[in-house]
Amino acid sequence: MTNAFSNQWRGLMESLLHRGSAAGADLVEVFLERTDHIGLLAEQDRITSVNPSFARGAGLRVFRDGRDGFVSTNDLSEVGLQRALDQALAMLGLEAQQLTSSATFEGLKQLTDHGLTKADWLERCPSLDQASECLLQGTTHLDRLGQHLQVRRGSYARDWQEVLVAASDGTFARDIRLHQSTGLSVLAADGDHRSSIGRRYGSSDRPDDLRDWDSEASAAEVCNSAGTMLRADYVDAGQMPAVLANRFGGVIFHEACGHLLETTQIERGTTPFADRVGELIAHPAVTAIDEGLSGGSFGSLSMDDEGMEPERTVLIKDGVLQRFISDRAGELRTGHKRTGSGRRQSHAFAAASRMRNTFIDAGSHTPEQLIESVDQGLYCKAMGGGSVGPTGQFNFSVEEGYLIENGKLTKPVKGATLIGDAKEVMPRISMCANDLDLAAGFCGSVSGSVFVTVGQPHIKVDSITVGGR
Amino acid sequence: MMTSNNSLNATDLRDRLQTLASREGIRLWDLGAACSDDCSVQVDRGEAKQLKASQRSSITVRVWNNDGLVGITSTTDLSDNGLEQALVGAHAASRFGNPEEIPQFSPLATAPLPELDRPLQPRQGILPLLDTLRAAEADLLGRHPAIQTVPYNGLAESLSQSLYLNSEGALRQMERTQASLYLYARAEETGRKPRSGGAVRLGLGSSELDVQGCISEAIDRTVSHLNYRPIETGSYRVCFTPEAFLSLLGAFSSMFNARSVLDGVSLSQRDSIGSDVAVPFFNLHDDGLHPGHISAAAFDGEGTPTRRLSLIEDGTLRNFLHSEATARAFGVQPTGHAGLGAKVSVGPDWFVVGSNPQVSSGNTLDHSTESGPFVLIEDLSALHAGVKATQGSFSLPFDGWLVNNGERLSVEAATVAGDIRSVLNGIVHLEADAEVTHRGVSPHVWVDGLSITGEA
């Protein structure tokens, strides 16, 4: 068997799927994966770490009466895969040698090969020399543009992944994925004053992305932010209106609402929105979308990890809940149609319903109009990470914030954390600006860490709890 | 007899790599490898939801080229082909090795290892695990009408093997078994917001897990928060539970990390050893060999033996955590806290917080009897987002209670904010009884003057 995934794997896949179906499985799915990863770190003016890694493995899932058994292995030999399948079958009380009368596997369809046009992508990516040079240019720009910088870092990661999905419903699809992310970060220190700022830039399916990266503009953005925040006061805590900037500001929707619209949350009984399709769950100013199609965006896919081409899924239209994000198990267990959102970090995880490129759509206002509408509040220019708990309580940190006083931005503040409840905050997003933009990120959840995009225009939240000192 | 499908054979691996290295003209190399055989179950209202098993393997190969520079490559492919690809990849990557800081073999990579009393436990297999978890869920659901789901739950057991080899004859290997149980319940009463809480238990084997203790704690943590109220924003006396304090300390562990110090991203500097960083009755050790540490390992990623290390003694910073390279830079011995990499990472094993009995805090606070007012913080969340380790500051959502006049009221949606240096210097009391948690060992810790933000 070749290392690369191709039609040559059809026979083995069909043999496994037949074996599982004959044992009485409702559905059998095999996910094969090969990866080639490079990570680079530049510190100050030197490359300090180069980390290549290769991986290969398989994840085999068997469904029976709504339950599923999942086994992952690094052993891609016929014996190894068969052993893994038998283990998955046994978990559900099925035996490989036992032929049931209800076996329905009729063979795999023709291979849908999304990877055909991507065969040369790995070779087209920057070499280690080129990537090192780009990063060192970035840290040199930081040195030139920043003040009081104690640490300058640049990082680059290239993740190449080839996958093959075969399932007993006939699904047979292959894809090659390419994600690159580049980041710059600094630690500025002056006496007792400190600020640490980082920015990441990411893309999918663009082998030339690093060559096109404007390292000087990125360095300027990081240095400006670090300089501003170096002597910022801590924010005064309390309830207040907030205006959240576009791009990574979209993390508020991701945490406050997006996770709660995954069918995984319906299955767990942890979303307050489970029975509310067709109802107003957000302010009428809010239209929110999750899609796998945005060209080059970090969360874009040609197919999901269950072999389905991704849909553009309108989640909320003018405040009314339209759809949930669904995967194969979600459709089976909740009845919500699959949306091409079955995603996993690697073969070691079973796919689950996960966001892709998720954003609040543009509105009609200008960003200035949002700020002008606030007497006393917080402007969140850059966000850090966040999370949502099993009761819908979300939180995320503000990396760069400013006070809004009498409709104008005034002094910078740091140390803010925004917390709230999804059901309560969505109706409070009362204004959306006309400057929708997207940002790359990573999302960790039940099926591991996956590449996602968050996004929004500037938005105004009428009232939110700001934690600080 | 416990075996996994893809167990490692250390001498075979060493011989294969030595042959490949000789062919490639590589004189110095080392290798870290791990493989595991795991299974886990989740249930949903009496039904099996997902049953999982995995067989994983990985190796990391590090080589020194003729210029003395180091390169590294990792792979999950233990076949001859995979090993060769890793070695050749590491050799190619060595061209980018950092000449300013070249790692070497640990001088302790062949030193005697400590005895670890962690007998391998038999694994039960997935179906008995399912029965146990199903019964635990049913028990939990039956204990209180407001608890209708246990959305996050899992019972897992694993057998893992790890080894370290180098071209100068070091050969370390170990096997261990481990099991874990977590139960996070969700409760909701009419007209009230849902609340959740949970508990975790670890053991060497699944049959020795404290299932009943886990159920009781999960119920207590969930039900006790049903009667919640908003808290007024302000400055409060705070008592951290052992688990909450250890998670806060862990988020700022770069204070003790020599790698972070050398990289300039720690709150500590090279000359911080000997400085006062906490109140005089505060002690902190890292003790990877502690009997309560289920995942204890006898050696680190570089083969250095694990040992107990004093970090803070009587409020004074005594030691940093070291790899071979950082130890060399500081002129000390490696401490057994390294990973394996081109740039070797350093991390803590198992924190043990305690007090010096000779130095009194002057207080006799007890979280179970104090009438308040104070805030008892049970659990901190979103540490990945709300902690600025390089600045010392934190602003974190928490679960906890406001205790006032002896009455305990659950706090709704609040954050606690502060600076870790102020916390360590603002500790007013460490209670006498230390608890072994899955994060380490600590007593309840009292701190004055922390900012709490609530919705009131």
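Residues numbered from 1 in each chain as written. Chains lettered and ligands numbered in written order. Predicted model: local features only at pLDDT ≥ 70, side-chain atom pairs only at ≥ 80, totals over all residues. Heavy atoms only, no water.

Caption draft 1: Structural detail: the side chain of A:E262. All names here are of chain A. With respect to the helices, strands and loops of the structure, E262 is situated in the loop between α7 (251-258) and α8 (263-268). For the buried residue E262, which engages in no salt bridge, the nearest side chain bearing the opposite charge is R354, 4.6 Å off. Among residues more than four places away in sequence, those in contact with E262 are F324, I325, S353, R354 and M355. (Helix = DSSP H or I, 4+ residues; strand = E, 2+ residues; numbered from the N terminus. Buried < 20%, exposed > 50% of the residue type's maximum accessible area, 1.4 Å probe, protein only. Lys, Arg positive; Asp, Glu negative; His and termini not counted. Salt bridge = Lys/Arg side-chain N within 4 Å of Asp/Glu carboxyl O. Contact = heavy atoms within 4.5 Å.)

Caption draft 2: Here's a closer look at the layout of surface pockets. Its volume calculated, the second largest pocket comes out at about 860 Å³. Around the second largest pocket sit 40 residues that line it, and A:E33, A:T35, A:A55, A:Q345 and A:S346 are the ones nearest its centre. With six residues, strand β2 (residues 47-64) of chain B is the largest single contributor of residues to the lining of the second largest pocket. Split into classes, the residues belonging to the lining of the second largest pocket amount to twelve nonpolar, 20 polar and eight charged. (1 Å grid on protein atoms, 1.4 Å probe; cavity = no way out; pocket = protein on both sides within 12 Å on 5 of 7 lines; lining within 4 Å. Points joined across faces, edges and corners; volume = space filled by probe spheres on them. Nonpolar A, V, L, I, M, F, W, Y, C, P; charged D, E, K, R; others polar.)

Caption draft 3: Quick peek at the sheet that holds strand β9 (residues 282-287) of chain B. Residue and element names in this part refer to chain B. A sheet is described by the order of its strands in space; here six strands give the open sequence β11-β10-β9-β12-β20-β19, paired in mixed fashion. Of all strands in the sheet, those bounded by a partner on one side alone are β11 (316-317) and β19 (435-436). In this sheet, β11 lies alongside strand β10 (residues 308-313) in antiparallel orientation, the contact comprising two bridges. Residue E313 lies in a different strand from β11, and its bridge partner there is T316. Taken strand by strand, helix α5 (residues 242-251) contacts β9, β12 (351-355), β19 and β20 (440-442), and its axis lies near 115° from that of β12. (Pairing = 2+ DSSP bridges. Axes fitted to C-alpha atoms, helices over the stretch in contact; angles between N-to-C directions.)

Caption draft 4: Here's a closer look at the interface of chain A and chain B. Counting residues at the interface gives 69 residues for chain A and 65 residues for chain B. Interface area for chain A against chain B, summed over the two sides, is near 5700 Å², with a carbon-plus-sulfur share of 48%. Of all residues in chain A, A:F54, A:R194 and A:R268 bury the most surface against chain B, accounting for 12% of the area lost on that side. Across the contact surface, chain A and chain B share eight salt bridges. (Buried area = accessible area lost by both parts, 1.4 Å probe.)

Caption draft 5: Empty space enclosed by the protein, seen in detail. If you walk through the whole model with that rule in mind, you get three cavities of 30 Å³ or more. Its volume calculated, the largest cavity comes out at about 200 Å³. Lining the largest cavity are 21 residues, with A:V398, A:K414, A:G415, B:K388 and B:S393 positioned closest to its centre. Of all elements in the fold, only β7 (193-204) and β17 (393-405) of chain A together with α8 (383-386) and β15 (393-404) of chain B reach the threshold of two or more residues within the lining of the largest cavity. For the second largest cavity, the calculated volume is near 80 Å³. A:E267, A:R268, B:Q42, B:V43, B:D44, B:R45, B:K49, B:E137, B:T149, B:V150, B:P151 and B:N153 together form the lining of the second largest cavity.

Caption draft 6: View of the nonpolar core. Residues A:W9, A:M13, A:L32, A:V62, A:L81, B:L140 and B:L183 are the most contacted members of the largest nonpolar core, which totals 60 residues. Not counting residues up to four positions away in its chain, the partners in contact with A:V62 are A:A25, A:L27, A:V28, A:R67, A:D68, A:G69, A:L85, A:A88, A:L89, A:L92 and A:L94. (Core = buried A, V, L, I, M, F, W, Y, C linked by side-chain atoms within 4.5 Å.)

Caption draft 7: Fine view of the sheet that holds strand β22 (residues 448-456) of chain A. Residues and elements named next belong to chain A. As summarised here, the arrangement of the six strands in space is β12-β11-β10-β15-β22-β21, forming an open sheet in which the pairing is mixed. Both edges of this open sheet fall to β12 (320-321) and β21 (437-445), since each of them pairs with a single strand only. The sheet contact formed by strand β15 (residues 357-360) and β22 spans three bridges and is parallel. Within β22, the position partnered with N357 by the bridge is T453. Against the sheet, α7 touches β10 (288-291), β11 (312-317), β15, β21 and β22, its axis set at about 115° to β22.

Caption draft 8: Structural view of the pairing of β12(B). Residues and elements named next belong to chain B. Relative to β12, β9 runs antiparallel, the two being bridged by five bridges. In the sheet register, N283 faces β12, and the bridge partner there is G354. Pairing of β12 with β20 involves two bridges; the strand directions are parallel. By the bridge assignment, F351 is partnered in β20 with G440.

Caption draft 9: Structural view of the environment of A:L111. Residues and elements named next belong to chain A. Mapped onto the fold, L111 is located in the loop between α2 (78-91) and β4 (112-113). The spacing of L111 and S6 is 105 residues in sequence and 8.3 Å in space, taken between C-alpha atoms. With near-sequence residues (within four places) excluded, L111 lies in contact with S6, N7, R10, L164, F172, A173 and R174.

Caption draft 10: Examining the packing of aromatic side chains more closely. For the coordinates displayed, the defined rule picks out 14 aromatic pairs over all chains. Ring centres of A:F442 and A:F451 lie 5.4 Å apart, and the angle between their planes is 50°; on these two criteria the pair is classed as tilted. The interplanar angle of 55° and the centroid separation of 4.6 Å between the aromatic rings of B:F374 and B:W446 together place this pair among those described as tilted. In this pair, B:F374 is assigned in strand β13 (residues 374-380) and B:W446 in strand β21 (residues 445-453), connecting sequence segments 72 residues apart. A single burial state applies to B:F374 and to B:W446, both of which are buried. In textbook terms, an aromatic cluster arises when at least three aromatic residues are bridged by ring pairs, as seen for A:F298, A:F442 and A:F451. The lysine or arginine in question, A:R344, covers the ring of A:F31, its NZ or CZ lying 3.9 Å from the ring centre. Its guanidinium or amino end placed over the ring of B:F330, B:R270 lies 4.7 Å from that ring's centre, counting from NZ or CZ. (Phe/Tyr/Trp six-rings, centres within 6.5 Å; stacked < 30°, edge-to-face > 60°. Lys NZ or Arg CZ within 6 Å of the ring centre and 35° of its normal.)

Caption draft 11: Spatial organisation of the pairing of strand β9 (residues 238-244) of chain A. All names here are of chain A. The buried count for β9 comes to five of seven residues, which makes it a mostly enclosed element. Inspection of the sheet shows β9 paired to strand β23 (residues 459-467) by six bridges, in the antiparallel sense. Considered in β23, the bridge of A242 is made with V461. Bridge analysis of β9 against strand β16 (residues 376-388) gives three bridges, and the strand direction is parallel. Within the sheet, the bridge partner assigned to L244 lies in β16 and is C380.

Caption draft 12: Just the pattern of salt bridges, in detail. In this structure the tally under the stated criterion is 71 salt bridges over all chains. Salt-bridge contacts for A:E29 lead to A:R61; the nearest nitrogen and oxygen are separated by 3.6 Å. You can see A:E29 sitting in strand β1 (residues 27-43) and its partner A:R61 sitting in strand β2 (residues 46-64), a full 32 residues away along the chain. Side by side, A:E29 and A:R61 carry an identical accessibility label, which is buried. With a closest N to O distance of 4.0 Å, B:D37 and B:R123 form a salt bridge. Residue B:D37 is located in strand β1 (residues 28-44), and its partner B:R123 is located in the loop between α2 (80-93) and α3 (126-143); the two are separated by 86 residues in the primary sequence. Exposure remark for B:D37: the relative accessible area of 8% places this residue in the buried category. Via salt bridges that share partners, A:E29, A:R61, A:D169, A:E306, A:R328, A:R338 and A:R344 belong to a single interconnected network.

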